[in-house]
Structures are given as structure tokens and as C-alpha cells.
Amino acid sequence: MTFSDWISGISLVIAFAALLYSIISNTKKYELTYQYYQDVVAWHSEVIKVITQLKVANQASEKKAHLAELSALIETGRFYFPNIDRHDSFGANKPLAYRGYRNVVLDFLVYEYQLFDREDSNKYMKHAESLQRLFTSYVFQHLDPKKHQKKVKHNTSIQMKNEITINEYIKQAPESIYALYPIDSNRSNWEATPTQRVP
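Because the structure is predicted, anything quoted here is derived from the model rather than measured. (Residues numbered from 1 in each chain as written. Predicted model: local features only at pLDDT ≥ 70, side-chain atom pairs only at ≥ 80, totals over all residues. Heavy atoms only, no water.)

Trainee: Before we go on, may I ask you to explain the packing of aromatic side chains in this structure?
Mentor: A ring pair, where both rings are aromatic, is described by two values, the distance of the centres and the angle of the planes. Counting across every chain of the model gives six aromatic pairs. Geometrically, the ring pair formed by Trp43 and Tyr80 is tilted, given 5.8 Å between the ring centres and 50 degrees between the ring planes. Taken together, the residues span a long stretch of sequence, with Trp43 in helix H1 (residues 3-56) and Tyr80 in the loop between helix H2 (60-77) and helix H3 (104-116) at a distance of 37 residues. With centroids separated by 5.5 Å and ring planes inclined at 65 degrees, the aromatic side chains of Phe108 and Tyr138 adopt a geometry described as edge-to-face. In this pair, Phe108 sits in helix H3 while Tyr138 sits in helix H4 (residues 125-143), placing the two residues 30 residues apart along the sequence. Residue classification places Tyr138 among the partly exposed positions, given a relative accessible area of 36%. By way of ring pairs, the aromatic residues Tyr36, Trp43, Tyr80, Phe81 and Phe135 are connected into one cluster. (Phe/Tyr/Trp six-rings, centres within 6.5 Å; stacked < 30°, edge-to-face > 60°. Helix = DSSP H or I, 4+ residues; strand = E, 2+ residues; numbered from the N terminus. Buried < 20%, exposed > 50% of the residue type's maximum accessible area, 1.4 Å probe, protein only.)

Here you go:
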């Protein structure tokens, strides 16, 4: 075997090693990204569950327990949405996790807490709904589900086969609306098939 053959062989081994490293690195990166995505989604789900429970809580003791849960979830949220440092020394005297300005995602939850902590919180359900929608929208923007779907498709070949709206679904099968929603005042029609419906 000549010296040039040795060089070629070594180059081939190096190229193969580099390819293998790239595959392993990309796989690990995807796994870490996926795990983070799942963690934030799970946290978001717990937050929404508690907020929903607060909306229907009737007794003060029940409400107090759910507020405690929300408070704990806000603290956990600091690890996903840490305070923002504007380099103006704001909160410099506070413990590390509380220095700077609170992320707006958590502020939405703090405002939810303050709202539900009121004795007349039932008057502010529309405000609570608005705050919840803002919270979900900012978490949605942070995670970017569309981009996540592309990564899943690229790494697993799993993809959403058919993106369709309810209007497009009804357009394909107009009579299916009767099986989905009671759209008129005739109560007997709610459980009837389309061919049995009466005016």
C-alpha cells in the first residue's frame, strides 16, 4: 500500500467520522429541542387547567387552593421565561431569579392571579379570558408550532396529512352540520338524521 493510499484511507475514515458525528449531533439537538417543547407545552397545559378551575370555583377554600397552584406555576414559569435584563440595574438588589423585568408571559398570569384573588372576580371573566388568550398566544409564538411540525416531519416523516377548517369540512359534506351542532329551535331535530328533520 502506497503513501497516497494511506492518505486516501485516512481521509475516508475522517469523512465517515465527521458524518457520523453530524448525525449524532443533529439527533441529540432534535431530542433536546423536542423535550423543551414538550416541557413548555405541559407547563402551559397545567396553567390553563388551573385558570379554568378558577373560573368555575364556587367556594373560597377551593379558590384559594387554585390560586396557590397558579402561584407555584408562575414560579416554575421563571425557568422557561426568565426575567429580562435591560442593563439598567433594575432589581439588582433582589435574588438572581427576580432581577430585571418580569417577562410579559408571566405578567399575564400575575394579572390573572390578582383578578381571581378579588372577591368580585366573577365580574371580570371577560378580562380573564383576554389574559388567557394573550398568555396562550405568546407561548404559541415562543414555541412556533408550525416550525416544530416541520422539524418533526424532517426527523420522523410524521406530518399532518390534511389541514382543513370547519367551513371546508362542511362544504365537502353540508348535511354533516346536523350531526355536529343543534342549529335550530326544534329540539326533536337535534337527535334526528338530516333526512328526518322537520321545519
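Trainee: Just checking my understanding: could you explain the packing of H3 against H4 for this structure?
Mentor: What describes two packed helices is the angle between their axes and the distance between those same axes. One way to put it is that H3 packs onto H4 with a least axis distance of 9 Å and a crossing angle of 160 degrees. As summarised for this structure, H3 and H4 are arranged roughly antiparallel, according to the angle between their axes. Considering only the axes of H3 and H4, their crossing is left-handed. For the pair H3 and H4, contact is made by Val104, Val105, Phe108, Leu109, Tyr111, Glu112, Leu115 and Phe116 and by Met125, His127, Ala128, Leu131, Gln132, Leu134, Phe135, Tyr138 and Val139, respectively. By residue class, the composition of the contact of H3 with H4 is 14 nonpolar, two polar and one charged. (Axes fitted to C-alpha atoms, helices over the stretch in contact; angles between N-to-C directions. Parallel < 35°, antiparallel > 145°, perpendicular 65-115°, else oblique. Left-handed = near helix turned anticlockwise from the far one by under 90°. Contact = heavy atoms within 4.5 Å. Nonpolar A, V, L, I, M, F, W, Y, C, P; charged D, E, K, R; others polar.)

Trainee: Got a minute to help me understand the packing of H2 against H3 in this structure?
Mentor: Across the interface, H2 lies against H3 with an axial gap of 10 Å and an inter-helix angle of 165 degrees. Relative to H3, the element H2 lies roughly antiparallel. Considering how the two elements wind past one another, H2 and H3 form a crossing that is left-handed. The segment H2 lies against H3, with Lys63, Leu67, Leu70, Ser71, Ile74 and Gly77 engaging Leu106, Leu109, Val110, Glu112, Tyr113 and Phe116. Looking at the contact of H2 with H3 residue by residue, the classes come out as eight nonpolar, two polar and two charged.

That's the geometry; what it means functionally is another story.
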